[in-house]
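Chain by chain, the residues run as shown.
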Amino acid sequence: METGTPGPWSGHIPGTPGYRRLLLGLFLAGVATFAQLYSPQGLLPLISGDLGITASDAALMVSLATLGLAIGVIPWSYAGDRFGRKRVMGWAIMAACAFSLVAVAVPDLEAILVFRLLEGFALGGVPALALAYLNEEVSAASSALAAGTYISGTTLGGLAGRLLAAPIGELTDWRLGMLAVTMLSVACAIAFLLLAPAARGFTPHRTTFRQAVRALAGNLRSPALLIIYAQGFLLMGGFVAMYNYLGFHLAGDPFNLPIGVVSLVFVAYLAGTWTSPLAGRLAGRHGRRPVLLVSTAAMIAGVLLTLVPTLWVVLPATIIFTGGFFAAHAVASGWAGAAAVAGRAQSASLYNFGYYAGSSLFGWLGGVFLAGAGWPGTVLMTAALAAVAAILGWFMRSR
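The rules behind the values
- Residues numbered from 1 in each chain as written.
- Predicted model: local features only at pLDDT ≥ 70, side-chain atom pairs only at ≥ 80, totals over all residues.
- Heavy atoms only, no water.
- Helix = DSSP H or I, 4+ residues; strand = E, 2+ residues; numbered from the N terminus.
- Buried < 20%, exposed > 50% of the residue type's maximum accessible area, 1.4 Å probe, protein only.
- Contact = heavy atoms within 4.5 Å.
- Lys, Arg positive; Asp, Glu negative; His and termini not counted.
- Charge placed at Lys NZ, Arg CZ, Asp CG, Glu CD.
- 1 Å grid on protein atoms, 1.4 Å probe; cavity = no way out; pocket = protein on both sides within 12 Å on 5 of 7 lines; lining within 4 Å.
- Points joined across faces, edges and corners; volume = space filled by probe spheres on them.
- Nonpolar A, V, L, I, M, F, W, Y, C, P; charged D, E, K, R; others polar.
- Core = buried A, V, L, I, M, F, W, Y, C linked by side-chain atoms within 4.5 Å.
- Axes fitted to C-alpha atoms, helices over the stretch in contact; angles between N-to-C directions.
- Parallel < 35°, antiparallel > 145°, perpendicular 65-115°, else oblique.

Along the protein, the regular secondary structure elements total 16 helices and zero strands. Considering only C-alpha atoms, the protein reaches an extent of 70 × 50 × 40 Å along its principal axes. The buried share of the protein, reckoned over its 399 residues, is 55%. Look at the contacts in the protein between residues 6 or more apart in sequence, and 82% of them connect residues 24 or more apart. Looking at the protein, you have 21 positive and 12 negative side-chain charges, and the mean spots of the two groups are 21 Å apart.

Put into structure tokens, the structure is as follows:
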């Protein structure tokens, strides 16, 4: 029972009002976070043209936000330990919305990038704490299902941010496209604060700096974990690079598609909602390493096929690439916790750090390759990153 006899809190159970409110609240928190994080991605050709900057400079709108998130996940996790998960997540989302409003208002690129970096740092509070909050507040038997609901919110949030911003930006101005996403995020953040129930399974505790360093360093001394963290760094880097610059490719010769139509390519993102749980089931049956390697091979095949200059090949290739990425990410992120040697939460934070750091670095560097060698340059960089990840993954044991 949700409000049964006094005793240790065992968590909300499916079918109770508290469980439904928690899942809906976390779903909306995921939408608010990832809609803001990736809203400029479909607008990058418009941003580049309006500000008179290169594709790689425009991509800094995404890269600096994900860099801020990478920097933020670890300190936010300790703030949540001290002050409470829901409270800190609320602070984080509202701060991000405020920084986003300023970012679309300031005139010059340098100021925009500063506020995108701050926005990303604030957004780090949600992925750092959401699953910990969920696991403390739902029954153990329903935690996996509840976690899937939150993850679906992050997926749909990233998709919604791209699909909402690009058409509005094309019809009006890219700033208004981003502003529309910010308004959606504010509404979702307020709904999260109103809906998500007060914590009942949380016990505040303070972690000293020495304890924090010890937990992080313990995981970093494991060669196996370093390979797992490298998977997130390399694969996410290639994934974001492809999506950052695919719009430039499709808006140019020989396709010459309008930005509103180009934004529809992000629907391929939904391939991950099918391949992620499939990869988890296959990894449980056949071991993690073979599933990781096959998924990475699908990424490589998909991105190479985008070199064929016809939409009838590029679009299915994008779906293959996207599905392969999310399958590989599902395996690697789960492996980071399972293989942890000095705390699963800290290992997950390190994986997230590598994941978003790769997004920041290679999401920008892909534009340098685009400028130097066109779309084949970005494709070959992405394929090379995935190949290095596969070589490293080959040395891992499956279980």
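For the rest of this paragraph, the subject is the layout of surface pockets. In this structure, the second largest pocket occupies an estimated 180 Å³ of space. In terms of lining, the second largest pocket is formed by 13 residues, of which the most central are Thr275, Leu278, Val294, Ser295 and Ala327. Contributions of two or more residues to the lining of the second largest pocket are made by helix H12 (271-286), helix H13 (288-305) and helix H14 (311-338). If one sorts the elements of the lining of the second largest pocket by residue count, H12 sits on top with five residues. Tallied by class, the residues present in the lining of the second largest pocket amount to nine nonpolar, four polar and no charged.

So, on to the nonpolar core. If you look at the biggest cluster of nonpolar residues, it comprises 117 residues, and the most contacted ones within it are Leu26, Met89, Phe239 and Tyr356. When sequence neighbours within four positions are dropped, the list of residues in contact with methionine 89 reads Leu26, Ala29, Gly125, Val126, Leu129, Ala130, Tyr133 and Phe192.

Positionally, alanine 122 belongs in helix H5 (residues 109-123). Owing to a relative accessible area of 2%, alanine 122 belongs among the buried residues under this scheme. C-alpha separation for the pair alanine 122 and tyrosine 150, spaced 28 residues apart in sequence, amounts to 19 Å. Among all residues touching alanine 122, those that are not within four sequence positions of it are Trp76, Ala92, Ala95, Ala96 and Phe99.

As a packed pair, helix H1 (residues 17-38) and helix H6 (residues 125-137) sit with axes 11 Å apart at the nearest point and diverge in direction by 175°. Relative to H6, the element H1 is oriented roughly antiparallel. For the pair H1 and H6, contact is made by Leu22, Leu26, Ala29 and Thr33 and by Val126, Pro127, Ala130, Tyr133, Leu134 and Glu137, respectively. Taken together, the residues of the contact of H1 with H6 sort by class into eight nonpolar, one polar and one charged.

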